[in-house]
Amino acid sequence: MTTLRLRPEDPADTGPVRRVLAAAFARPDVATPPEVGLVDELRDSDAWIPELAMVAEYGGEVVGYALLTRVRVKSDGDPTPAPALALGPVGVAPHRQRVGHGTAVVQAALDAATELGERLVVVLGNPAYYRRFGFGRADRMGLTSPWSGLGEPWQALVLPPATSDAPAPPRGEVLFPPPWSKV
């Protein structure tokens with residue numbers, strides 16, 4: 001029986017990850033979807049956290065991907081933006097969609113973030129899909145971004161605190177690293 005293996009991306013996965021994202025985000029109007037370039041640029045940025053780039057491998061083939069990268073939340077009156085994470089892109093090879101691989105790889109990335117002591121994750125995506133992980137409207141959590149005007153698709157998730165005396169998650173403007181401006 002073939003099982004799904006979830007693990008952090010390693011350097012040999014770069015090509016397979018690019019293929020998964022290209023297939024998952026394929027559009028007739030572009031040769032290479034912008035999500036592929038986004039991941040390539042994030043890999044070379046300060047936003048990259050290797051432990052939070054997760055692949056789903058099935059039968060030795062990379063079939064899914066979920067990426068969490070560093071963003072910052074600028075709160076009024078606080079000179080130092082607080083750390084947070086952005087989820088995305090998330091993609092599954094078309095021939096392995098709708099069998100739970102996407103859910104599994106996203107949950108693996110969120111679990112890894114929790115283990116690292118992260119507190120806040122934002123995402124722009126389908127509310128019905130991301131609600132299963134506990135995401136809710138980011139604007140209702142006091143978070144703004146260039147995508148705030150989209151309403152429900154702009155979402156956030158507060159991860160369980162590592163300790164009972166952990167501070168509340170930050171509120172304010174979410175600042176994305178430069179590669180995100182191209183998507």
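Look above for the structure.
Residues numbered from 1 in each chain as written. Predicted model: local features only at pLDDT ≥ 70, side-chain atom pairs only at ≥ 80, totals over all residues. Heavy atoms only, no water.

Caption draft 1: Up close: the pattern of salt bridges. In this structure the tally under the stated criterion is 11 salt bridges. For the salt bridge of Asp-13 with Arg-7, the shortest nitrogen-to-oxygen distance reads 2.6 Å. Two residues, Arg-43 and Glu-9, come together in a salt bridge whose shortest N-O distance is 2.8 Å. Within this pair, whereas Arg-43 is found in helix α2 (residues 34-43), its partner Glu-9 is found in the loop between β1 (4-8) and α1 (14-24), the two being separated by 34 residues in sequence. No difference in accessibility class separates Arg-43 from Glu-9, as the two residues are buried. When salt bridges with common partners are traced through the structure, they connect Arg-5, Arg-7, Asp-10, Asp-13 and Glu-57 into a single cluster. (Salt bridge = Lys/Arg side-chain N within 4 Å of Asp/Glu carboxyl O. Helix = DSSP H or I, 4+ residues; strand = E, 2+ residues; numbered from the N terminus. Buried < 20%, exposed > 50% of the residue type's maximum accessible area, 1.4 Å probe, protein only.)

Caption draft 2: Local environment of α2. Every buried residue belonging to α2 is among Glu-35, Val-36, Leu-38, Val-39, Leu-42 and Arg-43, and all of these are buried. What you see down the axis of α2 is that its buried residues fit within an arc of 160°, all on one side. At its buried positions, α2 is contacted by α1, β3 (61-74) and β4 (82-92). (Arc of directions from axis to C-beta. Contact = heavy atoms within 4.5 Å.)

Caption draft 3: Just the nonpolar core, in detail. Among the nonpolar cores identified, the biggest contains 28 residues, and Leu-42, Tyr-65, Leu-67, Val-122, Leu-143 and Val-174 are the most heavily contacted of them. Of all the secondary-structure elements, those providing two or more residues to this core are α1, α2, β2 (53-58), β3, β4, β5 (120-124) and β8 (154-158). Ranked by residues supplied to this core, first place goes to β3 with five residues. Ranked by size, the runner-up nonpolar core spans 25 residues in total, among them Ala-66, Val-90, Ala-112 and Leu-159. (Core = buried A, V, L, I, M, F, W, Y, C linked by side-chain atoms within 4.5 Å.)

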